[in-house]
Structures are given as C-alpha cells and as structure tokens.
Amino acid sequence: MGIKRRHWALAAAPLALALLATTGCESTPHARAKPAAAPSTPVAGVCAKPAAGPAKAPAGAVSVDPAVVGDLAAKTKNSPPNTTFWLRPGKHRLDPDRYAQVIPKKGDSYLGAPGAVLDGRKKNQYAFGGTASDVTIRYLTVQGFVAPRDEGVVNHDSADGWVIEHATIQNNSGAGLMAGARQRVRASCLRDNGQYGMNAYKATGRISGLVVEGNEIVGNNTDDWERRQEGCGCTGGIKFWAVNGADVRGNWVHDNRGAGLWADTNNNDFRIEDNVLEANDGAALIYETSYNAVIRGNTIRRNNWVEGRRYADRGDTFPFATIYLSESGGEPRIRARTDKIEIYRNMLENNWSGITLWENADRFCNSPANTSSGDCTLLVKNTHRCAQPAIATAPLYADCRWKTQRVDIHGNRFVLDKSVVDCTVKCDRMAVLANYGTYPDWSPYQGERVAEAITGKQHNRWHDNVYVGPWKFVAHDPSRILDFGQWQSTPYQQDAGSTFRAQDGG
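Attention here is on the structure that accompanies the text. Keep in mind that this is a model prediction, so the values were computed, not measured.

### Looking at the overall build of the protein chain
Looking only at helices and strands, the protein chain features seven helices and 37 strands. Its C-alpha atoms put the protein chain at 70 × 55 × 40 Å along the principal axes. Evaluated residue by residue, the protein chain yields a buried proportion of 62% over its 506 residues. If you sum the accessible surface of the protein chain, you get close to 18400 Å²; carbon and sulfur atoms cover 51% of it.

### Things to note about the pairing of strand β11 (residues 175-178)
In the sheet, strand β8 (residues 152-154) pairs with β11 via two bridges, with the strands oriented parallel. The partner of Val154 across the bridge, within β11, is Leu177. Note: β11 against strand β14 (residues 196-200), three bridges, orientation parallel. Across the sheet, Met178 pairs through a bridge with Asn199, a residue of β14.

### Let's talk about helix α6 (residues 449-456)
Along α6, the positions that sit buried rather than exposed are Val450, Ala451, Ala453, Ile454 and Thr455. In the core, the buried residues of α6 are packed alongside β29 (355-359), β32 (429-434) and β35 (472-476).

### Structural notes on the pattern of salt bridges
Under the counting rule described, the total for this entry stands at 31 salt bridges. Asp224 serves as the salt-bridge partner of Arg227, at 2.9 Å between the closest nitrogen and oxygen. Here Arg337 and Asp269 are joined by a salt bridge, their closest N and O atoms 3.0 Å apart. Remark: Asp269 occurs in strand β21 (residues 268-273) and Arg337 occurs in the loop between β26 (323-326) and β27 (341-344); sequence separation between them is 68 residues. The class for Arg337 is partly exposed, based on a relative accessible area of 40%. Given a relative accessible area of 11%, Asp269 falls into the buried group. Residues joined by salt bridges that share partners form a network here, namely Arg138, Glu165, Arg186, Glu213, Asp247, Arg249, Asp269 and Arg337.

### Describing the sheet that holds β11
Across the sheet, which stays open at both edges, the 11 strands sit in the order β8-β11-β14-β17-β20-β23-β26-β29-β32-β35-β36 with mixed pairing between neighbours. Sheet topology places β8 and β36 (481-482) at the edges, where each strand pairs with a single neighbour. Contacting β29, β32 and β35, α6 crosses the sheet at an angle of about 135° to β32.

### As for the pairing of β26
By the alternation rule, side chains of β26 split into Ile323 and Leu325 and Tyr324 and Ser326, which are all buried. Where strand β23 (residues 285-288) and β26 come together, four bridges link them in parallel fashion. Within β26, the residue paired with Glu288 across the bridge is Ser326. As paired elements, β26 and β29 share four bridges and run parallel to each other. The partner of Leu325 across the bridge, within β29, is Leu357.

### Regarding the nonpolar core
Judged by nonpolar contacts, the single largest core of 96 residues is most densely connected at Phe128, Val154, Met198, Leu210 and Phe240. When near neighbours in sequence (up to four residues on either side) are disregarded, Met198 contacts Leu177, Met178, Ala179, Gln183, Val185, Leu190, Leu210, Val212, Gly237, Ile238 and Lys239.

### Overview of the packing of aromatic side chains
The final tally for this structure, using the stated rule, is 22 aromatic pairs. Look at Phe318 and Phe320: their rings are 5.0 Å apart centre to centre, the planes differ by 65°, and that puts the pair in the edge-to-face class. For the ring pair Tyr467 and Phe500, a centre distance of 6.4 Å and an interplane angle of 55° mean the geometry is tilted. Taken together, the residues Tyr467 in strand β34 (residues 466-468) and Phe500 in strand β37 (residues 499-501) connect sequence positions 33 residues apart. For Tyr467, a relative accessible area of 1% corresponds to the buried category.

### Considerations on empty space enclosed by the protein
Counted under the stated rule, the structure contains two cavities of 30 Å³ or more. In this structure, the largest cavity encloses a volume near 70 Å³. Surrounding the largest cavity, 13 residues form its lining, Tyr291, Arg401, Trp402, Lys403 and Gln405 being those nearest its centre. Classifying every residue of the lining of the largest cavity by side-chain character gives three nonpolar, six polar and four charged.

So, how was this worked out
Residues numbered from 1 in each chain as written. Predicted model: local features only at pLDDT ≥ 70, side-chain atom pairs only at ≥ 80, totals over all residues. Heavy atoms only, no water. Helix = DSSP H or I, 4+ residues; strand = E, 2+ residues; numbered from the N terminus. Buried < 20%, exposed > 50% of the residue type's maximum accessible area, 1.4 Å probe, protein only. Areas by Shrake-Rupley, 256 points an atom, 1.4 Å probe, with all protein chains shown as cover. Pairing = 2+ DSSP bridges. Contact = heavy atoms within 4.5 Å. Salt bridge = Lys/Arg side-chain N within 4 Å of Asp/Glu carboxyl O. Axes fitted to C-alpha atoms, helices over the stretch in contact; angles between N-to-C directions. Core = buried A, V, L, I, M, F, W, Y, C linked by side-chain atoms within 4.5 Å. Phe/Tyr/Trp six-rings, centres within 6.5 Å; stacked < 30°, edge-to-face > 60°. 1 Å grid on protein atoms, 1.4 Å probe; cavity = no way out; pocket = protein on both sides within 12 Å on 5 of 7 lines; lining within 4 Å. Points joined across faces, edges and corners; volume = space filled by probe spheres on them. Nonpolar A, V, L, I, M, F, W, Y, C, P; charged D, E, K, R; others polar.

Right under this line is the structure:
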C-alpha cells in the first residue's frame, strides 16, 4: 500500500552507552504490565459488554442466512444501493477464495442480530471492501480474516463516510479497520488484531473529518511487527497518516503492543480528549511530523513500561516518553481549530517518563535521513525546492523542516512512584531536545542549530503543572539533565507557576 516506514530517528543522535546494570530496572525487558481493569472514568468497556443488535429484521431489511456460505456477499451484489441487511444469529461465512469479500453499494447498512458473526476462518483476506460511500456496519462481530500487513479487513479500500458502531472487530491479521474521510467509529471493540485496531490511511487524497469516539482499543499488534521488522513504525492501537481533522475522544486504549495512538506524517487539527490511555507497551501517544493539536482531559497511566525499559536496558540515554512529540508543532499558516499544540488538564500517573519534545536535525525534506521518504512539510508544495542553495535561505530554511514549536504544556498533573514502575533511573524525565546535526553534507541544519532552536527559540513552554515524584528534566541534548530548580532558571525558564514535590507516590 506504499505506507512509509519510520524509525525512532535516533541513528544520528550521539547516544552515550551505559552498562546494563546502571539502568536500575529489575524486571525483564519484555515484561508486560497486568491487563488494565475497567477504568473508573466514564469510558466504555465495550469489549466485555457489547451492545446487542435487533433480534428481528427491521422492516424492509434483507435477511442473511448463516447456513448459506456466501449469502451476504451474494445478496449485497443482487440488491440496490441503500439496502439494509440483517444478519441472523450464527456464524456467517464467505466463499473460501481468499479474495472473496462483501462489496457494498452506496448507503448500504449491515445490522447484526445478537450472536451474528462474520468469520473469515483464516481463509479470507477482507470482509468489506470497495469504494462505495456512506456504508454503515452495526452490532456485528468480524473476526478471523487474514489481511496482509498495512492492509485492513473492514473498509479495506478506505471508502468515505462509513459508520462503524457497536461492532466487534477482533482476531484478524493486518488492521481490523481502515478509514476514509468523514468516517465515524463509535462504541466499538477493536481487539487483538495482528497489526492495528485501525489504520487511518488512504492511498489517494487525505482523510478529513474522522471521529473515533467511545471505543475500546485493546491488545492489538498480536503479530509483534516491530520485532519481526525492527524500526518499521507499523504498530499500535491506531495509526493515523495524513489525517486533516480528527476527534479522538472518550476511548479506552489499553494493553496494545506498541504505542496506543500514533499520528505519523502530516496529520493536522487533532483533538485528543477525555480518553483513558493505559498499559500500552510503548508510548500512550506519538504525534510525529504533524501539526496543530489539542490534547486535554486524558487519563494516562502505566504506559511505556516495556519499550522504555527495553531501551534503557540497552544503555540508550534518549528520554523515551509516554507523550512523544517528534518534529511536530503548531503552525498558524495551516488551517485548524488551533494554531499550536496544547497539552493540558491531563493526568499522567506512573508511566515510563513524561513528555518529550524532539527534533531530529537531520530529518527534513529531501534528506536521506527523512524516514517519511518522499514526503515534505505541508508548507512546501514543490519538494525539489528543498535543495542547495535555496534551502539555506528564507523561507525554505524554516519551511523545509518539520519543527517542534508552539507547544504549550500546562495544567497537567505528573505523578511518578518508582516502586510502582519498578525502576531507579531513566523512567523519570521530561525533555525538550534535538541531536547534533551531521547529515547530509549539504544540510543547513548542522551542529547545534536545531537543538538551540527547539530549546529556546520555538516557543515550547511548560507552566502551571503539578509534579509529584522524583522528576528530572532534559534540555538541549540527552546529556544535559537538570533538576527542577535548573529547569526553572535561566536559560530554560520552564514550568513557571508549577509545583514540585520530590517524594515518590501521592
């Protein structure tokens, strides 16, 4: 599908190696936290108690018989657009050909009766595909399909305007669900899929107006793709690519292998609010080479224990964080509901580290170090312009590089009890930093220019937060570790109005 691979963008960063014993981490590198119990905040545990569909066929609906193999696909083909299909209780099957699938027509609706399951039997690759818009799937369980990596089972072709509600999409390979423009995914269970719960990717054009609300997104990436292909950047609960406008609210995102939510490459205008993000192996949230977001009111706990510990045990000094902003910031020239990245009123408790703001000085348009290969910033339409000698002068010097800028972090509560996380060092950091620019030889960003910009010149600001626990702070580069007083003092002047209580817990 042409999805771009990415790496942690650390190859060029000077990372001091330390002995394994100095990490102070007692658990095994790949130990997972216990699965999260249902949260007390009002997000639904929909996987344990899925809503029941209609026990009788609605008036005018076409009834689908589970005893007839291929009945759903055949009746869809032979019915006009805007037809409602009611799947009777039982296990529905497609024809055994691996490419057999349901191809809806515009406006079709699929309703599952209680106990209705569409099962791919590990033979069919896709459940629902095609380009028809405004398709609805409700109260149906979709399982056992074997989509290839980076492809999806439901809405395989990323058609627009689909509504997925009260559905259970589980135990599939690849992504359980793809996304198109104006897609609504509500009150559904995206569980134990091989790669992603949802892959919000569209091969042509951008996705806009995406809503992901009130879902449980749990246990995805069962095929552990980062181990199979290290650095692929192809895992997690949900991955977003070039989405322009998304509301991600009221979801319970937990126990995924990899990141919980990951927005990668030229996303813009996200609102991520009132979610519970917990016990994901990696970061709760990665926002990478993207723009303009509001991240507020989220409960974020016990994330990054596996991946953070793994890198620490390798001796890696990079501050791998629970909220990781990589080359992402506010940009007033790109239309959105905000012109910055604002992170506020969140509760972060006993995660492996806190928030890291990062820039790779070697990652920019046309650089061989740009792991989003072929992509440029949203500010440069003609990528070839980002080359010598023009890139060294305004406006391209600024516009050819994704910048972590205009990030406002305030009103959050950061709690760390190292006895809960089971570590002594490297799990306690807030950070704003970049690497020393070295590559390629024509780069205008060599040396400490980017590190100095992200630390002191790009309007990145922590203020009015509450810290409980033995937090440390990293500025400029991984070797510059500060205490709270140094963090607040010149030249950094961070966390004005914040309070700090150093003892663990609380």
